Amino acid sequence: MADFKPPAWLKPMNKAVMAVQKLGVVTGPVRVLTVPGRKSGEPRSTPATPFALDDGLYVVGGYPRADWVLNARAAGAGTVTRGRKSERVTFVELTAAQARPVLRAFPAKVPRGVGFFKRSGLVQRGTADEFEALAGRCAVFRLDAVSTP
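The name recorded for the chain in an unreviewed UniProt entry is Deazaflavin-dependent nitroreductase, from Mycobacterium paraense.

Draft legend 1. Focus on the overall build of the chain. Across its full length, the chain carries 5 helices and 7 strands. When the helices and strands of the chain are read in sequence order from the N terminus, they spell out α-β-β-β-β-α-β-β-α-α-α-β. Buried residues in the chain amount to 42% of all 149 residues. A separation of at least 24 residues holds for 62% of the contacts in the chain among residues at least 6 apart in sequence. Surface accessibility of the chain: about 8,500 Å² in total, with carbon and sulfur atoms responsible for 53%.

Draft legend 2. Structural view of the pattern of salt bridges. Evaluation of the coordinates by the stated rule reveals 5 salt bridges. When the shortest N-O distance is used, the salt bridge between R38 and D67 registers 3.3 Å. Of the two residues, R38 is situated in the loop between β1 (31–36) and β2 (43–48) and D67 in helix α2 (residues 67–75); the sequence distance between them amounts to 29 residues. Linking R142 and D144 is a salt bridge whose minimum nitrogen-to-oxygen distance equals 2.8 Å. You can call R142 partly exposed: its relative accessible area is 27%. Since its relative accessible area comes to 25%, D144 is described here as partly exposed. Put simply, R104, D129 and E132 are held in one network by salt bridges that share partners.

Draft legend 3. Fine view of the pairing of β1. Of the strand pairs in this sheet, β1 and β2 are connected by 6 bridges, and their pairing is antiparallel. When the sheet's bridge partners are listed, T34 is paired in β2 with S45. Pairing analysis gives 3 bridges linking β1 to strand β5 (residues 77–82), with the strands arranged antiparallel. Along β5, the bridge assignment pairs V32 with T81.

Draft legend 4. Focus on helix α4 (residues 111–120). Along α4, the positions that sit buried rather than exposed are G113, V114, F117 and S120. Looking straight down α4, one finds its buried side chains confined to an arc of 125 degrees; they lie on one side. Along α4, exposed side chains directed more than 90 degrees from the buried face belong to P111, R112 and R119.

Draft legend 5. Spatial organisation of the packing of helix α3 (residues 96–109) against α4. Interhelical geometry of α3 versus α4 gives an angle of 110 degrees and a closest axis separation of 6 Å. Judged by the angle between their axes, α3 and α4 are roughly perpendicular. On the side of α3, the interface is formed by F106, P107, A108 and K109, while α4 contributes P111, G113, V114 and F117. Per-class residue counts for the contact of α3 with α4 are 6 nonpolar, 1 polar and 1 charged.

Draft legend 6. Structural view of the pairing of strand β4 (residues 56–60). A large share of β4 lies buried, amounting to 4 of its 5 residues. As paired strands, strand β3 (residues 51–53) and β4 are joined by 3 bridges and run antiparallel to one another. Opposite L53, over in β4, you have G56 as the bridge partner. Pairing geometry for β4 and strand β7 (residues 140–145), over 3 bridges, is antiparallel.

Draft legend 7. The arrangement of the side chain of N71 in detail. By the element assignment, N71 lies in helix α2. Of the residues examined, N71 reaches a relative accessible area of 5% and is grouped as buried. Leave out the neighbours within four places in its chain, and N71 touches V35, P36, G37, R38, R44 and G76.

Calculation criteria
Each chain carries its own residue numbering, running from 1 in the written order of its sequence. Since the coordinates come from a predicted model, pLDDT governs what is reported: local features require at least 70, and pairs of side-chain atoms require 80 or more to be given and counted, while whole-chain, interface and lining totals use all residues. For the side-chain quantities, the full set of heavy atoms in the structure was used; hydrogens and water were omitted. Note on conventions: DSSP H or I runs of at least 4 residues are helices, E runs of at least 2 residues are strands, and numbering of each starts at the N terminus. A 1.4 Å probe rolled over the protein chains alone gives each residue an accessible area, and that area as a share of the maximum for its type sets the label: buried under 20%, exposed over 50%, partly exposed in between. Residue contacts are counted whenever heavy atoms from the two residues lie within 4.5 Å of one another. The Shrake-Rupley method, run with a 1.4 Å probe sphere, supplies the accessible areas, and residue values consider only the shown protein chains as cover. A side-chain nitrogen of Lys or Arg and a carboxyl oxygen of Asp or Glu constitute a salt bridge if their distance falls within 4 Å. Two strands form a pair only when DSSP identifies at least two bridges running between them. The arc in question is the one traced by the directions running from the helix axis out to the C-beta atoms. Every angle, taken between N-to-C directions, lies between 0 and 180 degrees, and every axis is a line fitted to C-alpha atoms, over only the stretch in contact when it is a helix. To sort the angles, those under 35 degrees are grouped as roughly parallel, those over 145 as roughly antiparallel, those from 65 to 115 as roughly perpendicular, and the leftovers as oblique. Three classes are used: nonpolar for Ala, Val, Leu, Ile, Met, Phe, Trp, Tyr, Cys and Pro, charged for Asp, Glu, Lys and Arg, and polar for all others, with Gly counted as polar.

And the structure:
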């Protein structure tokens, strides 16, 4: 598998999206995922677009070795923020078999995300079949709310 690298514009764009969210402005379906860094333990944030499917909330890692994916794997928990509202969640990584139907649904559930995957070279046309074929290559997490006592 090729080691896909994010484009140079992605980090500045992510910072802009997070700054807007921090002001309390909701930017479409985008939310900010925050997890402790696997080396520093410091909070690390990235914008993402979780989507509902059946009874779960899922997020797909657009780059197989993205820092947020590695941090979510290591930490297993973090927060999801939309505007000024945050929720503690656990990140439950799906197996390739579990990820297939979630990935297959991705183009219909997150149509704006399809272009991101096309630009990264992970898919050509953005079909459900192409996304399903990413199972085992791109991380898929179920976000489970953590109940507060």
